[in-house]
Amino acid sequence: AAAARLTALAQPEAPPPPEAALPSPAATPAEVRHWWDALTPDQRRWLVVTRAAWLGSADGVPAGYRDLANRLRLDEQRAEES
């Protein structure tokens, strides 16, 4: 299932980036969640693909998205080590 989702994210037609800046490192999980809830599904997918390192460690982002971002990062790191 994760591989299928990652394949869908890697399609050439990229979604638009979010207009709002990423929350500051000092933002609370509630503030991050409020920011996240205001994003469109396309913006969320863009973040998973382009900001996986930030997203994977962001308290307040739903666990499923964090998991997907961390799996993507892990795959990238394994590819670099090969």
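Residues numbered from 1 in each chain as written. Predicted model: local features only at pLDDT ≥ 70, side-chain atom pairs only at ≥ 80, totals over all residues. Heavy atoms only, no water.

Engineer: Before we go on, may I ask you to explain the overall build of the chain in this structure?
Structural biologist: The helix and strand inventory of the chain stands at five helices and zero strands. Going from N to C terminus, the chain has its helices and strands arranged as α-α-α-α-α. Taken across its 82 residues, the chain has 29% of its residues classed as buried. Counting contacts in the chain only where the partners sit at least 6 residues apart, residues at least 24 apart contribute 51% of the total. Within the structure as shown, the chain displays about 5400 Å² of accessible surface, and the carbon and sulfur contribution to it stands at 54%. (Helix = DSSP H or I, 4+ residues; strand = E, 2+ residues; numbered from the N terminus. Buried < 20%, exposed > 50% of the residue type's maximum accessible area, 1.4 Å probe, protein only. Contact = heavy atoms within 4.5 Å. Areas by Shrake-Rupley, 256 points an atom, 1.4 Å probe, with all protein chains shown as cover.)

Engineer: I tried to follow the environment of P25 on my own but got confused; where do I start?
Structural biologist: Mapped onto the fold, P25 is located in the loop between α1 (2–9) and α2 (29–37). Residue classification places P25 among the exposed positions, given a relative accessible area of 88%. For the pair formed by P25 and W54, sequence separation is 29 residues and the distance between their alpha carbons is 9.7 Å.

Engineer: Would you take a moment to explain the confidence of the model for the chain for this structure?
Structural biologist: With 82% of its residues at a pLDDT of 70 or more, the chain has an overall mean of 85. No element of the chain has a lower mean pLDDT than α1, which averages 67, and none a higher one than α2, which averages 97. (pLDDT = per-residue confidence, 0-100.)

Engineer: Can you walk me through the environment of P29 in this structure?
Structural biologist: Examined against the element boundaries, P29 turns out to sit in helix α2. Under the relative-accessibility criterion, P29 is labelled partly exposed at 44%. Each residue touching P29, except ones within four places of it in the same chain, is listed here: D59 and G60.

Engineer: It is not clear to me how the nonpolar core should be interpreted in this structure. Could you clarify?
Structural biologist: Among soluble globular proteins, nonpolar side chains are generally buried collectively. Within the largest apolar cluster, 14 residues are counted, with the highest numbers of intra-cluster contacts made by W35, W36, L39, L47, L55 and V61. Broken down by secondary-structure element, the contributors of at least two residues to this core are α2, α3 (41–50), α4 (52–56) and α5 (63–81). The residues contacting W35, other than those within four sequence positions of it, are A20, A21, L22, P23, L47 and W54. (Core = buried A, V, L, I, M, F, W, Y, C linked by side-chain atoms within 4.5 Å.)

Engineer: Would you explain the packing of α3 against α5 in this entry?
Structural biologist: When two helices pack together, their arrangement is given by the angle between the helix axes and by the axis-to-axis distance. For the pair α3 and α5, interaxial distance at closest approach is 8 Å and the crossing angle is 30°. Residues R44, V48 and V49 of α3 form the contact with α5, whose participating residues are Y65, L68, A69 and L72. Residue classes in the contact of α3 with α5 are distributed as six nonpolar, no polar and one charged. (Axes fitted to C-alpha atoms, helices over the stretch in contact; angles between N-to-C directions. Nonpolar A, V, L, I, M, F, W, Y, C, P; charged D, E, K, R; others polar.)

Engineer: Mind showing me how you'd approach α2 here?
Structural biologist: Within an α-helix, residues lying three or four positions from one another point in the same direction, as the helix has 3.6 residues per turn. Turning to α2, its buried residues number three or more, namely V32, W35 and W36. For α2, the angular spread of buried residues about the axis comes to 100°, placing them on one side. Opposite the buried face of α2, by more than 90 degrees, sit the exposed residues A30 and H34. The inward-facing, buried residues of α2 abut α3, α4 and α5. (Arc of directions from axis to C-beta.)

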